[in-house]
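# Tertiary structure, described
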Amino acid sequence: MGSLNVLDHPLIQHKLSILRDKRTGVKEFRELVGEIAALMCYEATRNLPTEEIEVETPVATAKCRVLSGKKLAIVPILRAGLGMVDAMIDMIPSAKVGHIGMYRDPETHLPVEYYSKMPPDIAERSVFVVDPMLATGGSACAAIELLKNKYGCKNITLMDIISCPEGIDAVRKAHPDVDIFVASVDEKLNEHAYIIPGLGDAGDRIFGTK
Ligand code: PRP
Ligand code: URA
C-alpha cells in the first residue's frame, strides 16, 4: 500500500490557515498556494534517490550528492493544479510538465476530462500529480487512471493541499500503489461534495473567477 503523509510542518499549517480564510484575496491566495506547494514538494521529494559525485571547490574535492534514478514530471489537474506548478518547477527545474484538463460536473460531481498532453517520455518518469483539493477523489482517480492506462506511467505520487477521508479512501482503493501527500485531512464533504471546512472553490479563488 502506498504511504499516506499528512504534512504537519508549522510553516505549512500557518500558511494553510491564511489560505482557508474567506477574507484572503486572489493575489495572496495564489501566492500562498505556491508557497505551500514548495514546502510540500520539499517533503514529498525527501526519499528521492541520490548518488555521490565529486565536485572541485576552489580549495579541495568535495563528495556531494545529486539526484539519481528516474527523471521527474509534474502533472497538474487543471485548472486549480496550475497554481502549484511554478513552485514545483522552481524546486525541480529539470522536471517536465504534463497537463490534465478535468472539471467536476456540477450535478453529478463526476470528473469530465477535456484535455491531456504529456511529455513523450512520461512513462519513464516519476510523476507528481498536483491539485489543491482532494474531495470525492473522482478527479484524482481519473487522472491517475489516465496516466497509467493511456500514458503507461508506473510511478505516481499525489500531492493535494486539502483532502478529506472520502477522497483519500477513494484513491487508496483505486490506486493502492500511489503515495499521497496532503497538508490536511478535513472533516467531511457537504451535499455539494465541497470539503468541510475546506477553503471553498480553489480554482475560483486562484483565478478570481467568482
Ligand atoms: C476541483 C479541484 C479538483 C476537484 C476535486 O476542480 O481542483 O480537481 O475539484 O474534486 P473531486 O475530488 O471531487 O474530484 P474543479 O472540478 O472545480 O475544476 P477547476 O480546477 O477547473 O476549478
Ligand atoms: N473542489 C474545490 O475547489 N473545493 C472543494 O471543496 C471541492 C472540490
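Data block above holds the structure.
Residues numbered from 1 in each chain as written. Chains lettered and ligands numbered in written order. Predicted model: local features only at pLDDT ≥ 70, side-chain atom pairs only at ≥ 80, totals over all residues. Heavy atoms only, no water.

## Looking at the site of ligand 1
For ligand 1, the set of nearby residues contains 16 residues, the closest of which are Arg 104, Asp 131, Thr 136, Gly 137 and Ser 139. Within the side chain of Arg 79, a nitrogen or oxygen atom sits 2.9 Å from an oxygen atom of ligand 1. When ligand 1 is considered free in solution it has 500 Å² of accessible area, and contact with the protein chains removes 91% of it. In this structure, ligand 1 is accommodated by the largest pocket. Mapped by element, the contributors of at least two residues to the shell around ligand 1 are strand 6 (99-104), strand 8 (126-133) and helix 4 (138-149). In terms of residue count, strand 6 provides more of the shell around ligand 1 than any other element does, 3 residues in total. Looking at the shell around ligand 1, its residues break down into 7 nonpolar, 5 polar and 4 charged. (Near = heavy atom within 4 Å. Polar contact = N/O pair within 3.5 Å; in protein donor to acceptor, adjacent residues only side chain to side chain. Areas by Shrake-Rupley, 256 points an atom, 1.4 Å probe, with all protein chains shown as cover. 1 Å grid on protein atoms, 1.4 Å probe; cavity = no way out; pocket = protein on both sides within 12 Å on 5 of 7 lines; lining within 4 Å. Sits in = over half its atoms within 2 Å of the grid points. Helix = DSSP H or I, 4+ residues; strand = E, 2+ residues; numbered from the N terminus. Nonpolar A, V, L, I, M, F, W, Y, C, P; charged D, E, K, R; others polar.)

## Focus on the pairing of strand 3 (residues 61-67)
Where strand 2 (residues 50-56) meets strand 3, 7 bridges bridge the pair, whose relative direction is antiparallel. Each bridged residue has a counterpart across the sheet, and for Glu 51 the counterpart in strand 3 is Val 66. Following strand 2, the chain reverses through 4 residues before pairing antiparallel with strand 3. (Pairing = 2+ DSSP bridges.)

## Thoughts on helix 2 (residues 26-44)
Taking 1.5 Å of rise per residue, 19 residues should cover 27 Å, and helix 2 covers 26 Å from first to last C-alpha, within 8% of that figure. Among the residues of helix 2, those classed as buried are Phe 29, Leu 32, Val 33, Gly 34, Ile 36, Ala 37, Ala 38, Met 40, Cys 41, Glu 43 and Ala 44. (Expected span 1.5 Å × (residues − 1). Buried < 20%, exposed > 50% of the residue type's maximum accessible area, 1.4 Å probe, protein only.)

## Re the site of ligand 2
Neighbouring ligand 2 are the residues Arg 104, Met 133, Ala 135, Ala 193, Tyr 194, Ile 195, Gly 200, Asp 201 and Ala 202. Ile 195 places a polar main-chain atom, nitrogen or oxygen, 2.8 Å from an oxygen atom of ligand 2. Between an oxygen atom of ligand 2 and a main-chain N or O atom of Ala 202, the distance comes to 2.8 Å. Protein chains bury 88% of the 230 Å² of accessible surface belonging to ligand 2 in isolation.

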